[in-house]
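Results of the structural survey
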Amino acid sequence: MIQEFQSSLPFELDQFQLAACRALTANQSVLVAAPTGSGKTVVAEFALFLTMKQTRRKVFYTTPIKALSNQKYHEFCETYGEDKVGLLTGDISVNPNARIVVMTTEVLRNMLYADSELLPDLNFVIMDEVHYLADRFRGAVWEEVIIHLPRTVRLISLSATVSNAEEFGDWLQSVRGDTTVIVSEERPVPLHQHVMIRGELVNLFFGRNNSNDSRVNPELLRIARAVSTPAPMPSARKGMRRSAIQRWRSPRTDRAETIRVLDQNDLVPVIYFIFSRVGCDEAVLGLVRAGISLTTKDERSQIRELVELRCKELPGEDLQVLGYHEWLNGLQHGIAAHHAGLIPTFKELVEELFVKRLLKVVFATETLALGVNMPARTVVLEKLEKFNGEARVPISAGEFTQLTGRAGRRGIDSEGHSVIQWQQGLEPIALASLASRRTYPLNSSFRPGYNMAVNLIAQFGAKKSREILESSFAQFQADRAVVGIAQKVRAQEESLKGYENSSKCHLGDFKEYAQLRRELSGLEKLPAKGEKSSLRSSRLEKIATLRRKLKAHPCHSCPERESHSRWSERWFALNRQTENLRQQIQNRTGAISRTFERICNVLLDLDYLEREGGDLKVTRVGESLRRVYSERDLLISECLRSRAWDGLTPDALAGIVSALVYEPKRDQESVPFAGYPSGGFKRAFENTIELWEKLQIIQDRFGLDSEPSPVANLSLAMSEWSKGESLERVLSLVDLAPGDFVRTTKQVIDLLDQLSKTLIPSLAENATIALNSVNRGLVAWSRFS
């Protein structure tokens, strides 16, 4: 089978690919951890090849994002035909009974909980970008799928190079059975790393092949020292040679000059990472204004032809709103932006044109590093820090590896290049350390939720549910960490015994004497300034008492008192550390189970669960919660239960749903509040907020974190869109990028679809009407994105 598969490929399989294929033919699951662009997806293609050789067997291909699902869907359609391939992404369902179905991971999780009729005959599940389970917002879904997937289904996990692949593989082995772990550190194309200073590319590392020599280039160190020297005052420059003055001109190279240098050195196509959407758009505009054009006449013609073909069904009145003509102008110059603010089809066209080598420069946010197939000859990093949702932080070694991993196209380039823009304070040695480390640990972000709890209890009961949760990767990692901490505790306990023996005094209990000294020292160190006279008098009295006790203690007259004291102080310090470690063990042991208990207590308090014969049972109300898949699952269920949304018009219901799904990013300005929609919205929103406040009190009582309040800033725009208002008018209400509006509206559609299946007839009918009314124009046109 491997030979037959190999004969269909235009290249020889690498050793890690062969090893993975052999494991699949041996009926094993596999974890493949390898660098970006190394050919991990060949293993997935072999699984598809094996499945299609059988008559009825199926394969599911899961991805973390819809854009990647869409890309894979089109790739597989080209290979196997549209009748053999399906696509499921929540708001889209195309040929779900196909033998190859591409889907987002959340869709598969929901299918497993619902015991979907699509699950029989499932041969393989391919989890692309499985390292996404570290994502703190959505990562838990990956673990839910891995745990609940039937053991008969073989799992193919494709991951970036992670430093703890063996640990992750051990966990997969424990929950999935026979799993082969295959790790490849080797890049298929060598990577050369540079720093751009004053329009010059300076190698980061020493030696001819600067990708393998970890020594920092001494020339870079010399230049770095020179450009870090403060510039002389203007008065001191008189009489200086021009060459000397040039030494102090800004070492930073602007974007236009950077692209010119890379083009002159035959280092295009380029992905230029700027961790800001606005920055990406401004960069495209800046290059066009600078007169940079990187395409030939024939390439410009091909670009226009392809864009017009793909966009011919785009509503004409929306072209101006989308900035279509300016965007097309940039494309024809060979320059584009790629970020979440673009509508999906614009992003897909950028990807397609780049892969066809018609685009030469793409300014992108870091989301491009996730899975989308856009390898380049060169990757540029403008800065080495980004906003993580809370603060600006340095990028990690793992993120650096992911971003620069795009450089070097297998089968096209003999080498790839990464370029770091010089910035004030850049330390070449620190940069070299960042670039040479391959530490990208995969850490679980798993945590139980309300929907998860009721689904587990309904299927397995509370006791079995706890066992399932304790089999999570999160608990597996915590337990392994506990083993290491426990070993340290045991070692420190031995040291404590030694310290205690060395501090023993033949005249009496030296530990008691040492405790008196510590108390005395603590009181004497208290600041007297600002102290009330009564408190000062009391403190001085205690000090006098302790001094008398010290002098009266038998150990006070010991000739080795100071030696005993030193050992005693060491004992106290080490004992404090040991107690902290014991507390860590207590906190980590059963942490997932404790959170589950708290969630169950909330659900018991609200009558979603009830006690029955020493176990827990899902109530009739709890059954409705099983069908709500949202980060606000409990709030939505409470709104349905209390009929908080009764009497809403369909457009007002669309507005309420947008308040539940929209959450402003912390690194972006919040959408301005434009007012409340009509149709009973204000009353329904106030009801929703009242229920949210009630839930916060209950969750706090049981020791659970609160969740952000719903915000109605997008509600008027969503309601107006539902009524048929133009895209231009709607976007003017909220100052939102078209891509953000489309993405949020798709989330609204997904939740409206869930509400359309509720047992409240009037609400279900209005949800269906609202769904159809918002799924129009640009949103409907982007349905495959």
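Here, every reference points to the structure presented above.
This section reports on the structure supplied with the text. Small disclaimer: the values here were computed from a predicted structure and weren't measured.

1. Thoughts on the overall build of the protein
Scanning the protein from terminus to terminus reveals 31 helices and 19 strands. A total of 785 residues make up the protein; the buried ones form 52% of that total. Taking contacts inside the protein between residues at least 6 apart in sequence as the whole, the part at least 24 apart equals 75%. If you sum the accessible surface of the protein, you get close to 36500 Å²; carbon and sulfur atoms cover 49% of it. Each charge sign in the protein was given a centre, from 102 positive and 97 negative side chains, and these centres are 6 Å apart.

2. What about the pattern of salt bridges?
Evaluation of the coordinates by the stated rule reveals 36 salt bridges. Here R701 makes a salt bridge to D605, at a shortest N to O gap of 3.5 Å. Here the residue R701 occupies a position in helix α26 (residues 681-701), and D605 occupies one in helix α22 (residues 591-605), the gap between them amounting to 96 residues. Classification of D605 by relative accessible area gives partly exposed; the value is 34%. One salt bridge in this structure joins D753 and K757, with 3.0 Å as the shortest N-O distance. Residue class for D753 comes out partly exposed when judged on its relative accessible area of 28%. Overall, K757 belongs to the exposed group, its relative accessible area being 54%.

3. A short note on the sheet that holds strand β14 (residues 378-381)
Within the open sheet, the seven strands sit side by side as β10-β9-β17-β14-β11-β13-β12. Their pairing is mixed. Whereas interior strands pair on both sides, the edge strands pair on one side only; in this sheet they are β10 (200-203) and β12 (335-338). Put simply, the sheet's adjacent strands are angled 25° from each other on average, direction ignored. As paired strands, β12 and strand β13 (residues 361-364) are joined by four bridges and run parallel to one another.

4. A few points about the nonpolar core
Of all hydrophobic cores here, the largest spans 171 residues; its most connected members are F60, F168, V307, L331, L603, W645 and L752. A per-element tally of this core places helix α17 (residues 450-469) first, with nine residues. Contact partners of L603, with chain neighbours within four places excluded, come to Y450, A453, V454, Y608, L609, L625 and L634. Counting residues in each nonpolar core, the second largest holds 38 residues, with L13, A34, V42 and F124 among its members.

5. Things to note about the environment of A160
Along the chain, A160 turns up in the loop between β7 (154-159) and α7 (165-176). Exposure remark for A160: the relative accessible area of 4% places this residue in the buried category. Once the C-alpha coordinates of A160 and V130 are considered, the two residues, 30 residues apart in sequence, prove to be 8.2 Å apart. Discounting chain neighbours no more than four positions away, the residues touching A160 are A33, A34, K40, H131, Q402 and Y440.

6. Description of the state of the cysteines
One pass over the structure, following the stated rule, counts zero disulfides. The thiol of C505 is not disulfide-bonded; the next cysteine sulfur, from C558, is found 3.6 Å away.

7. Some thoughts on the packing of aromatic side chains
All chains considered together, the criterion is met by 21 aromatic pairs. Residues Y132 and W142 carry aromatic rings whose centres are separated by 5.2 Å and whose planes lie at 40° to one another, so their mutual orientation is tilted. On the criterion of sequence distance, the pair formed by Y132 in the loop between β6 (122-127) and α6 (140-148) and W142 in helix α6 is long-range, its members being 10 residues apart. With a relative accessible area of 16%, Y132 lands in the buried category. Between F673 and Y676, the aromatic rings sit 5.2 Å apart at their centres with planes inclined by 75°, giving edge-to-face as the arrangement. Under the relative-accessibility criterion, Y676 is labelled partly exposed at 37%. One aromatic cluster in this structure is built from F168, W171, F473 and F476. Stacked on the ring of W721, the Lys or Arg R776 has its end atom at 3.6 Å from the ring centre.

8. Here we look at helix α12 (residues 297-310)
With 14 residues, α12 ought to run about 20 Å at 1.5 Å a step, and its terminal C-alpha atoms sit 20 Å apart, in line with that. For α12, every residue scored as buried is listed here: E299, I303, L306 and V307. Buried residues of α12, seen end-on, are gathered within an arc of 100° and therefore sit on one face of the element. Exposed residues lying more than 90 degrees from the buried face of α12 are K297 and E305. Elements in contact with the buried residues of α12: α13 (324-332) and α14 (344-355).

9. Comments concerning the pairing of strand β3 (residues 85-88)
Neither face of β3 is open: one carries V85 and L87, the other G86 and L88, and all of them are buried. Direction of pairing for β3 relative to strand β5 (residues 100-104): parallel, over a ladder of four bridges. Residue pairing in the sheet places L88 in a bridge with M103 of β5. The antiparallel hairpin formed by β3 and strand β4 (residues 93-94) contains four residues in its connecting segment, where G90 sits at a positive phi of about 85°.

10. Quick look at unusual backbone geometry
In the segment running from V268 into P269, the intervening peptide bond is cis, with an omega of 5°. The residue P269 is located in the loop between α10 (255-264) and β11 (270-273) in this model. Of note, D735 is a non-glycine position whose phi angle comes to about 50°, a positive value. Considering the arrangement of structural elements, one finds D735 in the loop between α28 (727-734) and α29 (738-755). Given the relative accessible area of 67%, D735 is considered exposed.

Here is what the cut-offs are and how they apply
- Residues numbered from 1 in each chain as written.
- Predicted model: local features only at pLDDT ≥ 70, side-chain atom pairs only at ≥ 80, totals over all residues.
- Heavy atoms only, no water.
- Helix = DSSP H or I, 4+ residues; strand = E, 2+ residues; numbered from the N terminus.
- Buried < 20%, exposed > 50% of the residue type's maximum accessible area, 1.4 Å probe, protein only.
- Contact = heavy atoms within 4.5 Å.
- Areas by Shrake-Rupley, 256 points an atom, 1.4 Å probe, with all protein chains shown as cover.
- Lys, Arg positive; Asp, Glu negative; His and termini not counted.
- Charge placed at Lys NZ, Arg CZ, Asp CG, Glu CD.
- Salt bridge = Lys/Arg side-chain N within 4 Å of Asp/Glu carboxyl O.
- Pairing = 2+ DSSP bridges.
- Axes fitted to C-alpha atoms, helices over the stretch in contact; angles between N-to-C directions.
- Core = buried A, V, L, I, M, F, W, Y, C linked by side-chain atoms within 4.5 Å.
- Disulfide = S-S within 2.5 Å.
- Phe/Tyr/Trp six-rings, centres within 6.5 Å; stacked < 30°, edge-to-face > 60°.
- Lys NZ or Arg CZ within 6 Å of the ring centre and 35° of its normal.
- Expected span 1.5 Å × (residues − 1).
- Arc of directions from axis to C-beta.

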